[in-house]
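Each chain is listed here by its residues.
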Amino acid sequence: MNGLIGAVLFLILAPIAGGLIAGIDRKITARMQGRVGPPLLQPFYDVGKLFEKENVVVTTAQNFYVLAYLVFIALSGAIFFAGGDLLLIIFAFTLAHVFLVLGAYAVHSPYSHIGAERELIQVMAYEPMIILAAVGLYMVTNSFYVADIAAATVPAILYLPGVFLGFAVILTIKLRKSPFDISTSHHAHQEIVKGITTEFSGSTLGQVEIAHWYENIFLLGFVYLFFSWNPVIGVAAVAVTYVAEIFVDNVTARVRWQAALKSGWLAAAVLGLVNLAILSYMTIGGA
Amino acid sequence: MAFLKRSPWILHYDASSCNGCDIEVLACLTPLYDVERFGIINTGNPKHADILLITGGINSQNRPVVRNLYEQMPEPKVVVAIGACAATGGIFRECYNIAGGVDKVIPVDVYVPGCAARPEQIIDGVVKALSILEEKREKMTGEAHTKEEARHAAEAGEGT
Ligand code: SF4
């Protein structure tokens with residue numbers, strides 16, 4: 001029952017919270033660059049505008065794929081906030097991105113195709129680390145269920161500092177922030193046109209944007225899991241992590257896709273695996 | 001609701017200008033003028049754009065490009081011609097390959113004068129364009145309604 005409430009709350013509130021966070025993000029980014037920046041509610045104006053525009057459809061399949069992307073992102077977030085199985089969530093999450101990539105491939109546009117290829121590279125880059133993060137949380141709390149992990153009294157972050165740092169690296173990829181915003185980004189509006197979203201316009205693009213809000217809230221929820229033994233510290237840690245991501249976004253230039261892939265895997269191999277190896281050694285030693 | 005006025009995304013195209021006006025257009029994005037205050041974003045994608053900022057008098061080579069860009073922009077859209085060249089061909093008017101103004105190729109809604117046009121003027125031109133954009137949107141939804149009503153009327157006619 002609790003789970004159902006969590007899921008419903010997520011489906012209703014996440015777009016609002018996600019849009020607000022996007023607004024705060026743009027405001028902080030502007031301040032970091034010495035600008036005034038757009039109004040706080042700008043992301044809502046943007047999406048509202050997109051739904052007012054004419055919908056130019058190149059292939060009808062693309063709209064179907066983007067809708068599937070939105071639905072599966074919302075679904076993975078809903079399972080997460082319902083306290084469901086972390087592995088199932090990760091699979092639904094990956095599937096969602098496969099739909100986005102298919103949507104971009106459905107159109108015969110070289111720009112859209114480059115964006116889709118780069119999105120696939122991003123998926124390859126972050127996938128190992130996100131699975132290791134789930135495994136790490138399992139090793140600490142003995143459960144893959146989000147409800148159990150969130151209720152655990154052990155401070156997961158103390159056991160998993162490396163995993164958390166690795167997760168922070170791929171979080172940069174997932175939030176579409178520099179230096180890893182290779183498939184599409186919020187700032188670089190001029191490079192390979194607009195990457196994966198080049199051929200989406202009007203309400204279809206609006207759906208991509210809303211999916212991104214859902215996704216961000218889900219990811220911040222994932223960050224919270226590392227600190228869930230103390231809600232105050234948890235919320236503070238989520239805020240600090242996000243501001244740090246904005247900072248990194250503003251001080252780094254985009255890397256090439258090879259470097260993005262290497263960073264993702266290096267984070268998984270060094271920070272993730274070494275952390276888990278030490279952890280398993282310690283728990284076996286202790287038992 | 002009028003979200004469109006609060007979130008105009010811009011496409012900037014250089015149709016054989018001397019680059020002077022382009023530098024002024026880009027100056028609008030710098031911290032000094034910061035057009036993002038008005039929700040204005042410079043996008044490189046015609047399919048995401050609401051306003052086409054165009055500089056230069058258009059030469060024979062980029063004529064089809066300009067028409068193509070314009071056609072790819074989803075409705076409602078407006079065109080702002082920036083600088084003397086975009087208005088009339090300006091200093092390049094006599095050249096054999098210059099069309100002599102953007103309005104020779106696509107419909108223009110706002111002309112921003114100057115050689116080069118100043119960033120303040122460009123922002124002013126964009127703000128003027130916003131009200132035209134809003135008008136066009138109202139007309140568009142109005143037309144959609146009329147079409148819808150006509151369809152309903154036709155269906156009702158068939159039914160009886
Ligand atoms: S109006 Fe003047 S500054 Fe602008 S493109 Fe023409 S010649 Fe250059």
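Given the structure is predicted, the values throughout are model-derived calculations rather than measurements.

Reading guide: rules and limits
- Residues numbered from 1 in each chain as written.
- Chains lettered and ligands numbered in written order.
- Predicted model: local features only at pLDDT ≥ 70, side-chain atom pairs only at ≥ 80, totals over all residues.
- Heavy atoms only, no water.
- Helix = DSSP H or I, 4+ residues; strand = E, 2+ residues; numbered from the N terminus.
- Rg over C-alpha atoms; globule rule 2.2 N^0.38 Å.
- Buried < 20%, exposed > 50% of the residue type's maximum accessible area, 1.4 Å probe, protein only.
- Contact = heavy atoms within 4.5 Å.
- Near = heavy atom within 4 Å.
- Nonpolar A, V, L, I, M, F, W, Y, C, P; charged D, E, K, R; others polar.
- Pairing = 2+ DSSP bridges.
- Axes fitted to C-alpha atoms, helices over the stretch in contact; angles between N-to-C directions.
- Phe/Tyr/Trp six-rings, centres within 6.5 Å; stacked < 30°, edge-to-face > 60°.
- 1 Å grid on protein atoms, 1.4 Å probe; cavity = no way out; pocket = protein on both sides within 12 Å on 5 of 7 lines; lining within 4 Å.
- Points joined across faces, edges and corners; volume = space filled by probe spheres on them.
- Parallel < 35°, antiparallel > 145°, perpendicular 65-115°, else oblique.
- Left-handed = near helix turned anticlockwise from the far one by under 90°.
- Core = buried A, V, L, I, M, F, W, Y, C linked by side-chain atoms within 4.5 Å.
- pLDDT = per-residue confidence, 0-100.

Novice: I'd like a rundown of the overall build of chain A, residues and numbers included.
Specialist: A count of helices and strands for chain A gives 11 helices and zero strands. The order of α-helices and β-strands along chain A, N terminus first, is α-α-α-α-α-α-α-α-α-α-α. Its C-alpha atoms give chain A a radius of gyration of 19 Å, near enough to 19 Å, the size a compact globule of 287 residues would have. Expressed along its principal axes, the backbone C-alpha trace of chain A runs to roughly 65 × 45 × 40 Å. Looking at the 287 residues of chain A, the share that counts as buried comes to 55%. A separation threshold of at least 6 residues defines the contact pool for chain A, and within that pool the share at least 24 residues apart is 78%.

Novice: An account of the site of the ligand is requested, with residue identities and associated values reported.
Specialist: All names here are of chain B. Taken together, S17, C18, G20, C21, G83, A84, C85, I91, G114, C115 and A116 make up the full set of residues adjacent to the ligand. Put simply, the parts of the chain that give the shell around the ligand at least two residues each are helix 1 (20-27) and helix 3 (83-88). In terms of residue count, helix 3 provides more of the shell around the ligand than any other element does, three residues in total. When grouped by side-chain class, the residues that make up the shell around the ligand number seven nonpolar, four polar and no charged.

Novice: Can you lay out the environment of P74 of chain B for me, pointing to particular residues and giving the numbers?
Specialist: As for its placement among the helices and strands, P74 of chain B is situated in the loop between helix 2 (63-72) and strand 4 (78-82). In this structure, P74 of chain B is in contact with K53, E54, V56 and S201 of chain A together with P46, K47 and A49 of chain B, ignoring residues within four places of it in sequence.

Novice: Now, about the sheet that holds strand 3 (residues 51-55) of chain B: what can you tell me, with residues and values included?
Specialist: Residue and element names in this part refer to chain B. If you trace the five strands from one edge of the open sheet to the other, you get 2-1-3-4-5, paired in parallel fashion. Each having just a single partner strand, strand 2 (41-43) and strand 5 (110-112) make up the two edges of the open sheet. For this sheet, the mean inter-axis angle between neighbouring strands, taken without regard to orientation, is 30 degrees. Sheet analysis places strand 1 (residues 9-14) next to strand 2, joined by three bridges and oriented parallel. Residue W9 lies in a different strand from strand 2, and its bridge partner there is I41.

Novice: Describe in detail the side chain of S201 of chain A, supporting the description with residues and values.
Specialist: Checked against the element boundaries, S201 of chain A lands in the loop between helix 8 (161-174) and helix 9 (202-225). Judged by its relative accessible area of 1%, S201 of chain A is buried. Apart from the residues lying within four places of it in its own chain, the contact partners of S201 of chain A are N55 and V56 of chain A together with K47, H48 and P74 of chain B.

Novice: Describe the packing of aromatic side chains, and please don't skip the residues or the numbers.
Specialist: Under the criterion given, the structure shown has 18 aromatic pairs over all chains. Aromatic side chains Y45 of chain A and F3 of chain B sit 6.4 Å apart centroid to centroid with 35 degrees between the ring planes, which places their arrangement in the tilted category. With one member in each of two chains, Y45 of chain A in helix 2 (residues 42-52) and F3 of chain B in the segment before strand 1 form a pair that bridges those chains. Taking relative accessible area as the criterion, Y45 of chain A reaches 14% and is therefore assigned buried. Ring geometry for F167 of chain A versus F226 of chain A: centroids 6.0 Å apart, planes at 45 degrees, classification tilted.

Novice: Can you tell me about the layout of surface pockets, naming the residues and giving the values?
Specialist: Residues and elements named next belong to chain B. Of the pockets and cavities examined, the second largest pocket occupies roughly 320 Å³. Every residue lining the second largest pocket is counted, 20 residues in all, and those nearest its centre are L11, Y13, G44, P46 and L69. Among the elements of the structure, strand 1, strand 2 and helix 2 are those that each provide at least two residues to the lining of the second largest pocket. Looking at which element gives the most residues to the lining of the second largest pocket, the answer is helix 2, with five residues. Along the lines of polarity and charge, the residues of the lining of the second largest pocket split into nine nonpolar, nine polar and two charged.

Novice: Could you give me a rundown of the packing of helix 3 (residues 60-81) of chain A against helix 4 (residues 86-105) of chain A, with the residues and numbers involved?
Specialist: How two helices sit against one another is set out by the angle between their axes and by the gap between those axes. Residues and elements named next belong to chain A. In contact at an axis separation of 8 Å, helix 3 and helix 4 are set at 165 degrees when each is read in the N-to-C sense. Accordingly, the angle class assigned to the pair helix 3 and helix 4 is roughly antiparallel. Viewed along their axes, helix 3 and helix 4 form a crossing whose handedness is left-handed. Note on element contacts: helix 4 touches helix 3 through L86, L88, I89, A92, F93, L95, A96, H97, F99, L100, L102 and G103, opposite Q62, Y65, A68, Y69, F72, I73, S76, I79 and F80. Within the contact of helix 3 with helix 4, the residues separate by chemical class into 17 nonpolar, four polar and no charged.

Novice: Hey, could you go over the environment of G83 of chain B for me, with residue numbers and the actual values?
Specialist: Residues and elements named next belong to chain B. In this structure, G83 sits in helix 3. Between the C-alpha atoms of G83 and A116, which are 33 residues apart in sequence, the distance is 5.9 Å. Contacts of G83, omitting those with residues within four sequence positions, involve C21, V112, G114 and A117.

Novice: Outline the nonpolar core, listing residues and values.
Specialist: If you look at the biggest cluster of nonpolar residues, it comprises 79 residues, and the most contacted ones within it are L86, L137, L160, F167, F222 and F226 of chain A. The element best represented in this core is helix 9 of chain A, accounting for 13 residues. Judged by nonpolar contacts, the second largest core, of 22 residues, contains I10, I40, V110 and A129 of chain B.

Novice: If you had to explain the confidence of the model for chain B to someone new, which residues and values would you point to?
Specialist: With 93% of its residues at a pLDDT of at least 70, chain B reaches an overall mean of 85. Reported confidences for the modelled complex are a pTM of 0.85 and an ipTM of 0.79.

Novice: I'd like a description of the packing of helix 1 (residues 2-32) of chain A against helix 9 of chain A, backed by residues and values.
Specialist: All names here are of chain A. It is at 8 Å that the axes of helix 1 and helix 9 come closest, and there the two elements cross at 95 degrees. The angle between helix 1 and helix 9 places the two elements in the roughly perpendicular class. For the pair helix 1 and helix 9, the contacting residues are F10, L11, A14, P15, A17, G18, G19, I21 and A22 in the first and W213, Y214, I217, F218 and L220 in the second. The residue makeup of the contact of helix 1 with helix 9, split by class, is 12 nonpolar, two polar and no charged.

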